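A closer look at the structure
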Amino acid sequence: MQKITPFLWFESEAEEAMNLYVSVFKNSKIERITRVPKGQLEEPMKGMEGKVLGGEFVLSGQKFAALDGGTYFKHNPAVSLMACLPESSEVDGVFNKLSDGGNVLMPLDKYPFSERYGWCQDRFGVSWQVILSDSPQPIIPSFLFTGDIFGRVEEALDYWTSVFRGSSINQVSRYEAGEGDVEGKVKFASFSLEGQLFSAMESSKSKVFIPTGALSQHIECASQDEVDYYWEKLREGGDEEAQNCGWLTDKFGFSWQVVPAVLNKMITDSDTEKVRRVLKALMPMKKLIIADLEKAYKG
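Residues numbered from 1 in each chain as written. Predicted model: local features only at pLDDT ≥ 70, side-chain atom pairs only at ≥ 80, totals over all residues. Heavy atoms only, no water.

**Let's talk about the overall build of the protein**
Per the secondary structure count, the protein includes seven helices and 15 strands. Here the C-alpha atoms of the protein give a radius of gyration of 19 Å, agreeing with the 19 Å that 2.2 N^0.38 yields for 299 residues. With the principal axes as the frame, the protein shows a C-alpha extent of 65 × 40 × 30 Å. Counting the 299 residues in the protein, one finds 52% classified as buried. Summarising the internal contacts of the protein: among those between residues at least 6 apart in sequence, 65% fall at separations of at least 24. Surface exposure of the protein reaches about 13600 Å², of which carbon and sulfur atoms provide 48%. If the 33 positive side-chain charges of the protein are averaged to one point and the 43 negative ones to another, these points end up 5 Å apart. (Helix = DSSP H or I, 4+ residues; strand = E, 2+ residues; numbered from the N terminus. Rg over C-alpha atoms; globule rule 2.2 N^0.38 Å. Buried < 20%, exposed > 50% of the residue type's maximum accessible area, 1.4 Å probe, protein only. Contact = heavy atoms within 4.5 Å. Areas by Shrake-Rupley, 256 points an atom, 1.4 Å probe, with all protein chains shown as cover. Lys, Arg positive; Asp, Glu negative; His and termini not counted. Charge placed at Lys NZ, Arg CZ, Asp CG, Glu CD.)

Next up, the structure:
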């Protein structure tokens, strides 16, 4: 079971982006697209009829999600997806397809840390690192610490691994003298949350990228107790106001969604009146309350 799912926010191109990604990676498919229903909708859903309310897709056997949410969040390299591929030819092919129409941040080349690597933003703004690697997890979410959060990677790793079960810090590599950044700071770190791999880097030399909710981590919760636990733990020291619909920003500025598993059933129901009622209840909520969502669902 994949407890944490990378969740991509698009202005209105979620379906187009999903089609691109499943064409690029092997063992990939779109599993389901749920659209915003037609009818009486309140802000901020007004005018979004027919847009992607929830897109579920698989890349290289790994689960992802997406939605069309308007212009509120924009992608940047503060959070990227690291595609780990076992053959140089695959690295080249995937990188060239993802960078087509986008922006190359680091060109495909041999680097001290990899025989073949490139970093780009695709035409939708999503940031990808493509690397020659035999990693057991094909795509790894990667957090970049710049600006005000430079130097806080180890604090974040200690914090996140204390919150999630099945967690560990697997590797921490530091800058050495003469490597182009502050000696002793974290050049690369690998860690696991709920048995899933993540990575982190920090840089005082790169352009400052401020994390946004455009690439968040969606936590599927089995109960209200679990929603409460992750909500309170991840909000500690973060954005006191929080965002609506179960979104929050932790104390490092990174976005998480704390969502009960039952919500997916509600918003994918074939009865659009039920879906409208659930959306009306959902939109003003910060922490999600299962009982209130179920009450709206049942009418």
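Read on, since the account is not over.
**Observations concerning the pairing of strand β6 (residues 103-111)**
In the case of a regular strand, side chains alternate between the two sheet surfaces. As paired elements, β6 and strand β7 (residues 114-121) share five bridges and run antiparallel to each other. If you follow N103 over to β7, its bridge partner there is Q121. Connecting β6 to the antiparallel partner β7 that follows it, the hairpin turn spans two residues. (Pairing = 2+ DSSP bridges.)

**Quick word on the pattern of salt bridges**
Per the stated rule, a full pass over the model turns up 14 salt bridges. Note that D228 is salt-bridged to K287, the shortest N-O span being 3.1 Å. You can see D228 sitting in helix α4 (residues 224-235) and its partner K287 sitting in the loop between α6 (272-282) and α7 (290-298), a full 59 residues away along the chain. The closest approach of N and O atoms between E273 and R276, which form a salt bridge, is 2.8 Å. With E273 and R276 both in helix α6 and three residues apart, the pair spans about one turn of that helix. (Salt bridge = Lys/Arg side-chain N within 4 Å of Asp/Glu carboxyl O.)

**Some details on the environment of S192**
In this fold, S192 is placed in strand β11 (residues 186-193). For the pair S192 and M1, spaced 191 residues apart in sequence, the C-alpha to C-alpha distance is 14 Å. Each residue touching S192, except ones within four places of it in the same chain, is listed here: T161, G166, S167, S168, N170 and L197.

**Thoughts on the packing of α6 against α7**
The geometry of α6 relative to α7 is characterised by a closest axis approach of 7 Å and an angle of 150° between their N-to-C directions. For the element pair α6 / α7, the angle class is roughly antiparallel. Viewed along their axes, α6 and α7 form a crossing whose handedness is right-handed. In this structure, α6 contributes K274, R277, V278, A281 and L282 to the contact, and α7 contributes L293, A296, Y297 and K298. Its residues placed into classes, the contact of α6 with α7 shows six nonpolar, no polar and three charged. (Axes fitted to C-alpha atoms, helices over the stretch in contact; angles between N-to-C directions. Parallel < 35°, antiparallel > 145°, perpendicular 65-115°, else oblique. Left-handed = near helix turned anticlockwise from the far one by under 90°. Nonpolar A, V, L, I, M, F, W, Y, C, P; charged D, E, K, R; others polar.)

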